[in-house]
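Secondary and tertiary structure notes
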Amino acid sequence: MRIATYSAEGRIHYGAVADGGMIALSPEFPQWPTLWDAVRAGGFSELIASVAGKAVSHTDFQYEMVMPNAPRILCVGVNFPDRNAEYKDGSAQPKYMSLFPRFASGFTGHEQPLIRPPENHTLDYEGEVAIVIGKEGRRIAQDDAYDHIAALTLCNEGTIRDWVRHAKFNVTQGKNWDRSGSLGPWLVPFETASQLDDARIITRVNGELRQDDVLSRMVFSVRREIEYISTFMTLQPGDIIITGTPTGAGARFDPPRYLVPGDVVEIEVEGIGILRNGVADEIL
């Protein structure tokens, strides 16, 4: 089952992805104007259950950022064993995870272009798995962490590399250019631990394999991410955690291989799907 946010006939909907198109669910649940509202209210399983027997409502549509009004998106940085060495700064693997916020305005939807701004052309890709919290919790034990996940999706955590170097201790300004990344194409229900424990993440640029790794190799596991983050903040339904990217981003080549208009980036995880985006220059 795949639940997406999409636009059709000049309106934004959420619904189930079917072979022939989209099955609109939002008209049936006016109490939840957006997919984020449904997850926030604990209604994601109700959405899933409601799909049975329904017909396709839209065949002409465009995918949107899967949760376009999500207010809290946290990203985990430098989270695969070889990532720290990519920085070539001689530092040891950190004891604690790096975290930074991203905002919904920095993401676009599946099959929509990543936007390269005129101010800087160091647009880069980062393929990642994102988890959506479905159950509130504070100081969550690792053994209980998976009980707090409602759904999974994919992220291209697009970055303007030069701008992450503008300050000494933060990367926020390089991570939040409008529509520089993508989140989607849809949410899939989280049902078994193997969906994360056995997940292999692949990134391709114009068909060329750039990133290829398994989540089980992450320095800080998803269970540990939930434990650590929930120590200092109460995780709430609808929160999104973007869990970390493998080696192989464009900035790490010599010379760097940044994205240019016309490129196509695909992030793939079996059991979740493929998130695909082109690249375009911002139109001023």
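On a predicted model such as this, the values are computed, not experimentally measured, just so you know.

The next thing to look at is the overall build of the protein. Scanning the protein from N- to C-terminus turns up 5 helices and 18 strands. The globule rule puts the C-alpha radius of gyration for 284 residues at 19 Å, and the 18 Å found for the protein is close to it. For the protein, the spread of C-alpha atoms along the three principal axes comes to 55 × 45 × 30 Å. Expressed as a percentage of its 284 residues, the buried residues of the protein come to 54%. Taking the intrachain contacts of the protein between residues at least 6 apart in sequence as the baseline, contacts between residues at least 24 apart amount to 75%. As displayed, the protein has an accessible area near 12400 Å², and 50% of this comes from carbon and sulfur atoms. Between the mean site of the 27 positive side-chain charges and the mean site of the 38 negative ones, the protein shows a separation of 5 Å.

Enumeration over the complete set of coordinates arrives at 17 salt bridges. Salt-bridge contacts for Arg 210 lead to Glu 208; the nearest nitrogen and oxygen are separated by 3.5 Å.

Turning our attention to the nonpolar core. Nonpolar side chains tend to gather and get buried jointly when the protein is soluble and globular. Ile 131, Ile 149, Leu 196 and Ile 226 are the most contacted members of the largest nonpolar core, which totals 48 residues. What Ile 226 contacts, discounting residues up to four positions off in sequence, is Ile 131, Ile 140, Ala 145, Ile 149, Leu 235 and Ile 241. Core analysis: the second largest hydrophobic core is formed by 32 residues, Tyr 14, Trp 32, Leu 47 and Ala 130 among them.

So, on to the state of the cysteines. One pass over the structure, following the stated rule, counts 0 disulfides. Cysteine Cys 75 shares no disulfide, and the gap to the nearest cysteine sulfur, in Cys 155, comes to 6.2 Å. Among the residues examined, Cys 75 registers a relative accessible area of 0% and is labelled buried.

Within the structure shown, the criterion is met by 8 aromatic pairs. The aromatic ring of Tyr 146 is capped on one face by Arg 223, whose charged end is 3.8 Å from the ring centroid. Across from the ring centre of Phe 253, 4.9 Å away, lies the NZ or CZ of Arg 257, which sits over that ring.

The buried fraction of strand β5 (residues 73-77) amounts to 5 of the 5 residues, a majority that puts the element mostly inside the structure. Burial along β5 is two-sided: the residues Ile 73, Cys 75 and Gly 77 and Leu 74 and Val 76 are all buried. In this structure, β5 lies alongside strand β6 (residues 98-102), joined through 5 bridges in antiparallel fashion. Within the sheet, the bridge partner assigned to Cys 75 lies in β6 and is Phe 100. Across 3 bridges, the pairing between β5 and strand β16 (residues 240-242) is parallel.

Attention now moves to the environment of Thr 192. With respect to the helices, strands and loops of the structure, Thr 192 is situated in the loop between β13 (181-189) and α4 (194-197). The exposure class assigned to Thr 192 is partly exposed, which follows from its relative accessible area of 39%. Distance from Thr 192 to Tyr 146, taken between C-alpha atoms, is 8.7 Å for residues 46 residues apart in sequence. Among the polar contacts made by the side chain of Thr 192, one reaches the side chain of Ser 194 at a distance of 3.1 Å.

The subject of this paragraph is the sheet that holds strand β8 (residues 114-116). Judged by pairing direction, the sheet is mixed, and its 5 strands sit side by side in the order β8-β18-β17-β14-β15 without closing on themselves. The open sheet has two edge strands, β8 and β15 (208-214), and neither has a second partner. Each strand of the sheet is rotated relative to its neighbour by a mean of 15°, with strand direction disregarded. Two elements, strand β17 (residues 264-269) and strand β18 (residues 273-281), share 6 bridges in a ladder whose sense is antiparallel. In the sheet register, Val 264 faces β18, and the bridge partner there is Gly 278.

The rules behind these values
Residues numbered from 1 in each chain as written. Predicted model: local features only at pLDDT ≥ 70, side-chain atom pairs only at ≥ 80, totals over all residues. Heavy atoms only, no water. Helix = DSSP H or I, 4+ residues; strand = E, 2+ residues; numbered from the N terminus. Rg over C-alpha atoms; globule rule 2.2 N^0.38 Å. Buried < 20%, exposed > 50% of the residue type's maximum accessible area, 1.4 Å probe, protein only. Contact = heavy atoms within 4.5 Å. Areas by Shrake-Rupley, 256 points an atom, 1.4 Å probe, with all protein chains shown as cover. Lys, Arg positive; Asp, Glu negative; His and termini not counted. Charge placed at Lys NZ, Arg CZ, Asp CG, Glu CD. Salt bridge = Lys/Arg side-chain N within 4 Å of Asp/Glu carboxyl O. Core = buried A, V, L, I, M, F, W, Y, C linked by side-chain atoms within 4.5 Å. Disulfide = S-S within 2.5 Å. Phe/Tyr/Trp six-rings, centres within 6.5 Å; stacked < 30°, edge-to-face > 60°. Lys NZ or Arg CZ within 6 Å of the ring centre and 35° of its normal. Pairing = 2+ DSSP bridges. Polar contact = N/O pair within 3.5 Å; in protein donor to acceptor, adjacent residues only side chain to side chain. Axes fitted to C-alpha atoms, helices over the stretch in contact; angles between N-to-C directions.

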